[in-house]
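Chain and residue survey
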Amino acid sequence: MSKVSHLNFDIKEILDKESIITAFQPIVSLKRKKIVGLEALTRGCSPSDESIIPPNLLFESAEQNGKSIELDRLCRRTAIKNFHKIKNHRDMVLFVNLNTSVLNQDGELQMLTKYYADSEGIDYSNIAIEIVESAVENNDKLIEVIEKYREIGFFVALDDFGALHSNLNRLVITKPDIIKIDRCLVHNVSKSYYQRSIIKSIIELAKTIGSLTLAEGLEEEVDILTCYEMGIDLYQGFYFARPGAYDEIAVESCLNKVLTCADKIKKNIETSIHENKEKHKENQKIIEEVEGRLNKLAIKDFFQEFQETANGNDSVQCIYLLDSSGTQIGPTICGCGKKNLKHNHFFRPAEELDDHSLKDYYYYISHLGLERFYTNPYISLASGQLCRTASFRTNAGAKDYIVCIDFIEQKLDIQD
């Protein structure tokens, strides 16, 4: 079949003859190493020559001709009917897109989907209704629709979350079963610390409200591995399979991709553990060497030691000294190769007399009696780079001090 390149079809004829086809795209679980769901995607089929009508043209024509409700019903009914034909459909969940533009016009949407499922003998728990969260401006309407579908027994998925005006508050008030994270956040996520930070926030909130997360639009293996490391539950995209017929060939191809990813995830975990151990050992060695040398020095000689340590270790971003109240003593010392740290209102190295008393690396040492402390990775205000701060006690002239060493965790482009 060939594609129709322009609107040279009659949407009314398409509807009258029910001339549409359902393309299925697998949704996979890497932990379970299996296909757990299928998203139903509709394509038009020209009655005259059986050429394929792309979905954007099909739905645009329906909207222009006031046929959106009719097309939406036909798509759902056809998808459920075709899903029933799949041999092991009871082991999967069918994801059905809901045209949210018709929510205010059609009060029977929930009952019709229920009727279509009953007609084919499909259990309600085998169907997930996808709602594009950003397309429903009224929160009360969104909650009402979700609650009605959930009362019947369907799963509810918020689609394209992270696009347009999506906001985390909507997850709290709707508590969907599944959150589909939009491709705009997923694409190239392996290269963007900021995209990863946003997705991690969504994942953490999803865990709190009891939702599963699904990354859609995955095309690159490296992005899939990154999503797995962050804790994404489900995966969908061209990497695993393009929308099409769900047959033995499609299943085998998809599962081979799943197994390939699973093997690489295992190797990545092993490599990451080894690299982290080595990095920690290297950092610990630097800390112990600095600690040992400071014990023999007066306070006035500390900063020369800091400078030599920063210059001699690429992993050290900067070093600074705090007194017992958390106030910085002297300047922040950076290595020769790290002079170009950002200096603006947000990113600048801390200065003498700056207050660090609310920082973890001070608080845990000062108030919990720890001798050493290692922070989680964070964006350094000295540079805009990802770092960890190691802090430890020292003393000079009968006074206690806290030495802080910022170790570079990962180099980032602040514009990334």
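It should be emphasised that the depicted structure is a prediction, and the values quoted were computed from it without experimental measurement. Throughout this description, residue numbers start from 1 for each chain and increase along the sequence as written. Since the coordinates come from a predicted model, pLDDT governs what is reported: local features require at least 70, and pairs of side-chain atoms require 80 or more to be given and counted, while whole-chain, interface and lining totals use all residues. The side-chain quantities take in all heavy atoms of the structure and omit both hydrogens and water.

Re the packing of helix H2 (residues 55–64) against helix H3 (residues 68–84)
We count it as follows: Whenever a helix is involved, its axis is fitted only over the stretch in contact; in every case the axis is a line through C-alpha atoms, and angles between N-to-C directions fall within 0 to 180 degrees. Counting from the N terminus, the helices are the DSSP runs of H or I reaching at least four residues and the strands are the DSSP runs of E reaching at least two. The scheme is simple: roughly parallel for angles under 35 degrees, roughly antiparallel for over 145, roughly perpendicular for 65 to 115, oblique for anything else. Whether two residues are in contact is decided by their heavy atoms, any of which lying within 4.5 Å being enough. Any residue outside Ala, Val, Leu, Ile, Met, Phe, Trp, Tyr, Cys, Pro, Asp, Glu, Lys and Arg is labelled polar, Gly included; the first ten of those are nonpolar and the last four are charged.
Their axes nearest at 7 Å, the elements H2 and H3 cross at an angle of 140°. Judged by the angle between their axes, H2 and H3 are oblique. Where H2 approaches H3, its residues Leu58, Phe59, Ala62 and Glu63 are matched on the opposing element by Ser68, Leu71 and Cys75. Across the contact of H2 with H3, the residue classes break down as 5 nonpolar, 1 polar and 1 charged.

As for the environment of tyrosine 193
Here tyrosine 193 lies in helix H8 (residues 193–209). It is 9.7 Å that separates the C-alpha atoms of tyrosine 193 and isoleucine 379, two residues lying 186 residues apart in sequence.

Considerations on the pairing of strand S11 (residues 328–334)
Rules: A 1.4 Å probe rolled over the protein chains alone gives each residue an accessible area, and that area as a share of the maximum for its type sets the label: buried under 20%, exposed over 50%, partly exposed in between. Two strands qualify as a pair provided DSSP detects at least 2 bridges between them.
Along S11, 5 of the 7 residues are buried, which leaves the element largely enclosed by surrounding structure. In this structure, strand S10 (residues 316–323) lies alongside S11, joined through 4 bridges in antiparallel fashion. Following the sheet pairing, cysteine 318 is matched in S11 by cysteine 334. The antiparallel hairpin formed by S10 and S11 contains 4 residues in its connecting segment, where glycine 326 sits at a positive phi of about 95°.

Some details on helix H9 (residues 221–230)
For H9, the complete set of buried residues consists of Asp223, Ile224, Leu225, Thr226, Cys227 and Met230. Those residues of H9 that are buried are in contact with helix H7 (183–186), H8, strand S8 (212–215), strand S9 (234–235) and helix H10 (248–294).

A look at the nonpolar core
Short version of the rule: Side-chain atoms within 4.5 Å link the members of a nonpolar core, which is a set of buried Ala, Val, Leu, Ile, Met, Phe, Trp, Tyr and Cys residues.
If you look at the biggest cluster of nonpolar residues, it comprises 59 residues, and the most contacted ones within it are Ile131, Cys227, Tyr235 and Phe240. Among the elements that make up this core, the one with the highest residue count is H8 (6 residues). Those residues in contact with phenylalanine 240, other than ones at most four positions away along the chain, are Val28, Leu30, Leu218, Ile224, Tyr235, Cys254, Lys257, Val258 and Cys261. Residues Ile286, Phe302, Ala310 and Val403 belong to the second largest nonpolar core, which totals 19 residues.

What about the packing of aromatic side chains?
Condition: By convention, a stacked pair of Phe, Tyr or Trp rings (six-membered ring in the case of Trp) has centres within 6.5 Å and planes under 30 degrees apart, an edge-to-face pair has planes over 60 apart, and any other such pair is tilted.
Overall, the coordinates contain 10 aromatic pairs when judged by the stated rule. Considering the side-chain rings of tyrosine 149 and phenylalanine 154, the 5.8 Å spacing of their centres and the 65° angle between planes classify their relative orientation as edge-to-face. Here tyrosine 149 and phenylalanine 154 have matching classes, each one buried. An angle of 10° between the planes, with centres 4.5 Å apart, marks the rings of tyrosine 364 and phenylalanine 373 as stacked. Taking the relative accessible area as the measure of exposure, tyrosine 364 reaches 32% and is therefore partly exposed.

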